[in-house]
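Coordinates in review
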Amino acid sequence: MSRNSSNTAAVPEAKSALDRFKFEVANELGVPLSDGYNGNLTSKQNGSVGGYMVKKMIEQQERQMSSGQTGSAGMSGTSGQL
């Protein structure tokens, strides 16, 4: 029986940047995310990290669209930037 996961990156090269971004967001929210297994976290904690990531990505895209920039934004390790 094969398993098809929908949890794969559309752009595999972006995986490390998304991981850094996830840890940055978790740190901002005070969620004790660790590398590897995080079964000790609640669904609410995990959901808040994912939800806030999406919120920040949408905000960044809206800023780009309103300023007329084209291309994709890089995710840096600094807060407030994607």
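Up top you'll find the structure we're talking about.
Residues numbered from 1 in each chain as written. Predicted model: local features only at pLDDT ≥ 70, side-chain atom pairs only at ≥ 80, totals over all residues. Heavy atoms only, no water.

A closer look at the overall build of the protein
A tally of helices and strands in the protein yields two helices and zero strands. For the protein, buried positions account for 18% of its 82 residues. Expressed as a percentage of contacts within the protein between residues at least 6 apart in sequence, the contacts between residues at least 24 apart total 49%. Counting only carbon and sulfur atoms, one obtains 52% of the accessible surface of the protein, whose full area is about 6,200 Å². (Helix = DSSP H or I, 4+ residues; strand = E, 2+ residues; numbered from the N terminus. Buried < 20%, exposed > 50% of the residue type's maximum accessible area, 1.4 Å probe, protein only. Contact = heavy atoms within 4.5 Å. Areas by Shrake-Rupley, 256 points an atom, 1.4 Å probe, with all protein chains shown as cover.)

A look at the packing of helix 1 (residues 15–29) against helix 2 (residues 43–67)
The contact between helix 1 and helix 2 brings their axes to 9 Å, and the two run at 110 degrees. The angle between helix 1 and helix 2 falls in the class roughly perpendicular. Our pair here, helix 1 against helix 2, has a crossing hand that is right-handed. Note on element contacts: helix 2 touches helix 1 through Ser-48, Val-49, Tyr-52, Met-53, Lys-56 and Met-57, opposite Leu-18, Phe-21, Lys-22, Glu-24, Val-25, Ala-26, Glu-28 and Leu-29. (Axes fitted to C-alpha atoms, helices over the stretch in contact; angles between N-to-C directions. Parallel < 35°, antiparallel > 145°, perpendicular 65-115°, else oblique. Left-handed = near helix turned anticlockwise from the far one by under 90°.)

Notes on helix 2
The end-to-end C-alpha separation of helix 2 is 36 Å, in line with the 36 Å expected for 25 residues at 1.5 Å each. Inspection of helix 2 places Val-49, Met-53, Lys-56, Gln-60 and Gln-64 among the buried residues, and these make up the whole buried set. If you follow the buried residues of helix 2, they end up packed against helix 1. After helix 2 finishes, the residue Gly-68 shows a positive phi value of roughly 80 degrees. (Expected span 1.5 Å × (residues − 1).)

Let's talk about the nonpolar core
In terms of nonpolar packing, the biggest core is built from eight residues, these being Phe-21, Val-25, Ala-26, Val-31, Leu-33, Leu-41, Val-49 and Met-53. Broken down by secondary-structure element, the contributors of at least two residues to this core are helix 1 and helix 2. Ranked by residues supplied to this core, first place goes to helix 1 with three residues. In this view, Ala-26 contacts Val-31, Leu-33 and Val-49; residues no more than four positions away in its chain are not counted. (Core = buried A, V, L, I, M, F, W, Y, C linked by side-chain atoms within 4.5 Å.)

Thoughts on helix 1
For helix 1, built from 15 residues, the straight-helix expectation of 21 Å at 1.5 Å per residue is met to within 8% by its first-to-last C-alpha distance of 21 Å. Restricting attention to buried positions, one finds in helix 1 the residues Ala-17, Phe-21, Glu-24, Val-25 and Ala-26. Of the residues trailing helix 1, Gly-30 is marked for its positive phi of about 75 degrees.

Brief notes about a nonpolar patch on the surface
On the surface, Val-54, Met-57 and Ile-58 cluster together into a nonpolar patch covering about 240 Å² of accessible area. Topologically, Met-57 is positioned in helix 2. (Patch = residues over 30% accessible without salt bridge, like charges linked within 9 Å, V, L, I, M, F, W, Y side chains within 5 Å. Salt bridge = Lys/Arg side-chain N within 4 Å of Asp/Glu carboxyl O.)

Limitation: the analysis is restricted to geometry and does not speak to function.
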